[in-house]
Number of protein chains: 4
Amino acid sequence: MDHLNRLHDLFKQFPGIGPRQAKRFVYFLLGTSDAFREALAKEVSELASRVTICSSCYRYFDSKGLAAHACSTCKDPNRDQESLMIVAKDVDLDAVEKSRVYRGYYFVLGNTLSLVEKEPETKIRAKELVLAIEARAKKGLKEIILALSLNSEGENTREYVEQFISPLVRAYKLKVSILGRGLSTGTELEYSDAETIKNALLGRRQETMM
Amino acid sequence: MDHLNRLHDLFKQFPGIGPRQAKRFVYFLLGTSDAFREALAKEVSELASRVTICSSCYRYFDSKGLAAHACSTCKDPNRDQESLMIVAKDVDLDAVEKSRVYRGYYFVLGNTLSLVEKEPETKIRAKELVLAIEARAKKGLKEIILALSLNSEGENTREYVEQFISPLVRAYKLKVSILGRGLSTGTELEYSDAETIKNALLGRRQETMM
Amino acid sequence: MDHLNRLHDLFKQFPGIGPRQAKRFVYFLLGTSDAFREALAKEVSELASRVTICSSCYRYFDSKGLAAHACSTCKDPNRDQESLMIVAKDVDLDAVEKSRVYRGYYFVLGNTLSLVEKEPETKIRAKELVLAIEARAKKGLKEIILALSLNSEGENTREYVEQFISPLVRAYKLKVSILGRGLSTGTELEYSDAETIKNALLGRRQETMM
Amino acid sequence: MDHLNRLHDLFKQFPGIGPRQAKRFVYFLLGTSDAFREALAKEVSELASRVTICSSCYRYFDSKGLAAHACSTCKDPNRDQESLMIVAKDVDLDAVEKSRVYRGYYFVLGNTLSLVEKEPETKIRAKELVLAIEARAKKGLKEIILALSLNSEGENTREYVEQFISPLVRAYKLKVSILGRGLSTGTELEYSDAETIKNALLGRRQETMM
């Protein structure tokens, strides 16, 4: 197999990329500069040596090749010591950070659990979560926020984690909360399902009238 | 112009129907039974004489040709006299009723207000709303729920109505609330905008741990 | 069941119309004028009495309530007596007429045949086709054009009809042709399947160079 | 800017890739093996040194680092010396090769020409095309096939190239042909535009009846 095909085959394994777009990538790279290709090769090659999993929240972060163990968020003493947000993946953590409304710490489960998952404790970072809660509890943790997507996998993961951490929650007298539900940006009432309308109604907010 | 074209032209004016689907409707009707066509013609023809706008909530309802003034919901004395939900359109009211979680009364504005609306008071049923609130206030109304979609038109309509009814709200000491916001069914954290994440976080719910 | 629901139920049976759009149709009609609704009711009601199936090509046409038997195309003596185009449905005939490139006569099969069709001769107008070809043959017919869509049902229908009419074709010494194949408007070479490229290549046209 | 962001920024420049999918690529790579990343880095890095533009047809091909000038197709003496197919891009050539119906040689223009192109002769490989035709003419070339997409850019390119090569075509007494037009795979008659129906009708094929 030749070079073009080998690169094509690698790109085909990228998430969401079919044979046609993989081919486009190859021709795109052929049309870019040597500098672009060299930069890409370098970044890809050094990725593993420079990017580490944080020993505290388990997100990926750029350790710049140093023997860093914790990411900048986990090392930041000025964040809210009282709250820990549990998310499924790095991309969820990124979305929350981007919204700039949360100031506490995080924990990345690494996966969600499907309804037919047989060994859920091996699919997500279960033991690591126990250690993380214990460590945070010693530093003043009061609330665990379960920030999972509102779909069947997210709900299933949330329920499993709630059960799994309940001994710790009782032991350390923690509060556990889940993300609020109702209308999200762009939601049209006409097209909303009964569950969303129910949540929106139960969670309605009183307005302060001037 | 012939018969087929005249019917085609009428169907083309239906919402969301282009020339092609209009033509399909005509051929579909040609392929149905006499009974189907007669039923359709009868229902369309009698629509205006049998369907009336409720004098209380302004939704359309089947008055069966009688001189009824109020729809069955408005006439039902067992609904919650303390709450009035303001919606933009009949379809929104239908969606809320279908969710079976609301037991109070309704008011249909008839429209939403765009940001550039010059005469908002003529676009929605403003005067009728005043009369409806006054009538409900005499029967024990305590809370007005603004149930508008979470998009720019919905938000704009909500803000206009809040301001517009504020004298009445003060006079009758009413509570005004808006639908809760957060994750709606199917929302994935990864793809949520900052506003939705913010709402979901601020409106987070404490779980009761067993 | 009330009036709104009855009309809603009728619209739900229209092709491609779900519950939501059916509801929109009802509210749309409520918002139109009496004149619009009366016109629609009248056209729908009179459809069967005024629109007839042509006894020659089997398309629907507006007979204006008169005892007409043939449509204007079939009655037009100035069309090309030498060719007969066989199409699956009225909409196909409409599409060809709209292109203004064909001047011969038509025959509408009424349906296409799926690959698992057990009694194809009852699904399409088989006997009527025999009579139509015989009638046209007496008036100078020389070519039958099979104008079916290029998908599996269209191909299957084409093959069945070819076999079915072959005795007549031999008896009257007719030519049978099928629509040309190749690039259609908008086709991009990059995304074309092998069959289309093959057809486009085999059917390539020589350019006259100036 | 850190490592994750630098890689993210490079992927964002890939065709059709937005910020979200670029981020997914980064996390995907973090989740793959060292071997996968090393292979990708190597292929990307060596791409330019190993992949060359063929000096004859101007497609990209794997020269394996050797000083090869012509691709395997151009070097294959068993292909049809009498025909040369002109395509816009490498992906078009790939699509034609995949269909396995063409056995002649190719020439890749490198681009298509938009209707407002001011200097078409600099946008496509115009001078190279002249040389390629002259070289092929000496080896028995008889027909040039213009294989462009059937959209406005493709048509514009085809017309420009036809004019541009007309002196050569006359000088060498070549035949110029364009891809056949009509129904392409999946085309439904009902939804076809007048141009496609016209092409399908003009290019109709006579069937051999058994």
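Reading guide: rules and limits
Residues numbered from 1 in each chain as written. Chains lettered and ligands numbered in written order. Predicted model: local features only at pLDDT ≥ 70, side-chain atom pairs only at ≥ 80, totals over all residues. Heavy atoms only, no water. Helix = DSSP H or I, 4+ residues; strand = E, 2+ residues; numbered from the N terminus. Rg over C-alpha atoms; globule rule 2.2 N^0.38 Å. Buried < 20%, exposed > 50% of the residue type's maximum accessible area, 1.4 Å probe, protein only. Contact = heavy atoms within 4.5 Å. Areas by Shrake-Rupley, 256 points an atom, 1.4 Å probe, with all protein chains shown as cover. Lys, Arg positive; Asp, Glu negative; His and termini not counted. Charge placed at Lys NZ, Arg CZ, Asp CG, Glu CD. Domains from an automatic or database assignment. Buried area = accessible area lost by both parts, 1.4 Å probe. Salt bridge = Lys/Arg side-chain N within 4 Å of Asp/Glu carboxyl O. Polar contact = N/O pair within 3.5 Å; in protein donor to acceptor, adjacent residues only side chain to side chain. Nonpolar A, V, L, I, M, F, W, Y, C, P; charged D, E, K, R; others polar. Pairing = 2+ DSSP bridges. Phe/Tyr/Trp six-rings, centres within 6.5 Å; stacked < 30°, edge-to-face > 60°. Lys NZ or Arg CZ within 6 Å of the ring centre and 35° of its normal. Least-squares fit on C-alpha atoms with pLDDT ≥ 70 in both.

> Account for the overall build of chain A, naming residues and giving values.
What chain A contains, in helices and strands, is nine helices and seven strands. For chain A, whose C-alpha radius of gyration is 22 Å, the value lies well above the compact-globule estimate of 17 Å for 210 residues. Counting only C-alpha atoms and orienting by the principal axes, one finds that chain A spans roughly 65 × 50 × 45 Å. The burial tally for chain A puts 53% of its 210 residues in the buried class. Residue pairs in contact within chain A that sit at least 24 positions apart in sequence constitute 45% of those at least 6 positions apart. When the accessible surface of chain A is split by element, carbon and sulfur atoms take 50% of a total near 9,900 Å². Measuring between centres, the 32 positive side-chain charges of chain A sit 3 Å from its 29 negative side-chain charges.

> Please set out helix α5 (residues 90-99) of chain D residue by residue, giving values where relevant.
Helical geometry: 3.6 residues make up each α-helical turn, so side chains three or four residues apart lie on a common side. Of all the 10 residues making up α5(D), eight are buried; the element is thus mostly covered by neighbouring parts of the structure. Those residues of α5(D) that fall on the buried side of the exposure criterion are Asp90(D), Val91(D), Asp92(D), Leu93(D), Asp94(D), Ala95(D), Val96(D) and Ser99(D). Along its buried surface, α5(D) packs onto α2 (19-31) of chain A, α9 (194-202) of chain C together with β2 (60-62), β3 (83-87) and β4 (105-108) of chain D. Arg100(D) sits one or two positions beyond α5(D) and adopts a positive phi of about 55°.

> For the domain arrangement of chain A, give the residues involved together with the corresponding values.
Segmenting chain A into domains produces domain 1 (3-35) and domain 2 (77-206). Here domain 1 of chain A and domain 2 of chain A have C-alpha centroids that lie 37 Å from each other.

> Can you explain the interface of chain A and chain B? Please cite residues and give values.
Each partner contributes to the interface: chain A provides 53 residues, whereas chain B provides 53 residues. Buried surface at the junction of chain A and chain B, summed over both partners, amounts to about 4,800 Å²; 61% is from carbon and sulfur atoms. Summed over the shared surface of chain A and chain B, the result is four salt bridges. Put simply, Arg204(B) and Glu143(A) hold a salt bridge, and the shortest N to O gap is 2.5 Å. At the surface where chain A touches chain B, the tally comes to 27 residue pairs in polar contact (both at pLDDT 80 or more). Elements with a minimum of two residues in the side of chain A that touches chain B: β3 (83-87), α5 (90-99), β5 (143-146), α8 (152-171), β6 (175-178), α9 (194-202) and β7 (205-206) of chain A. Considering each element in turn, the side of chain A that touches chain B owes the most residues, eight residues, to α9(A). Tallied by class, residues from the side of chain A that touches chain B come to 23 nonpolar, 15 polar and 15 charged. Where β6(A) meets strand β7 (residues 205-206) of chain B, two bridges bridge the pair, whose relative direction is antiparallel. Looking across to β7(B), one finds that Ile178(A) is bridged to Arg205(B).

> Please give an account of the packing of aromatic side chains that cites residues and values.
Counted according to the given criterion, the structure contains 46 aromatic pairs over all chains. Their ring planes at 75° and their centres at 5.8 Å tell us that Phe11(B) and Phe14(C) sit as a pair that is edge-to-face. One end of the pair, Phe11(B), is in helix α1 (residues 3-12); the other, Phe14(C), is in the loop between α1 (3-12) and α2 (19-31), on a second chain. Assessed through its relative accessible area of 0%, Phe11(B) is described here as buried. Using a relative accessible area of 2% as the deciding quantity, one classes Phe14(C) as buried. These aromatic residues form a ring-pair network of at least three members: Phe11(A), Phe14(A), Phe25(A), Phe28(A), Phe36(A), Phe11(D), Phe14(D), Phe25(D), Phe28(D) and Phe36(D). Lying across the ring of Tyr105(A), Arg136(A) places its NZ or CZ 3.5 Å from the centre.

> For the relation of the copies chain A and chain B, give the residues involved together with the corresponding values.
Laying chain A over chain B is done by rotating through 179° and shifting 0.1 Å along the axis; what remains is an RMSD of 0.1 Å. Such a turn and shift between the copies fits a two-fold axis. It is Gly182(A) whose C-alpha, among those of chain A, lies nearest the rotation axis, at 2.4 Å. By residue overlap, the copies meet face to face through one surface: 100% of the interface positions of chain A are interface positions in chain B.

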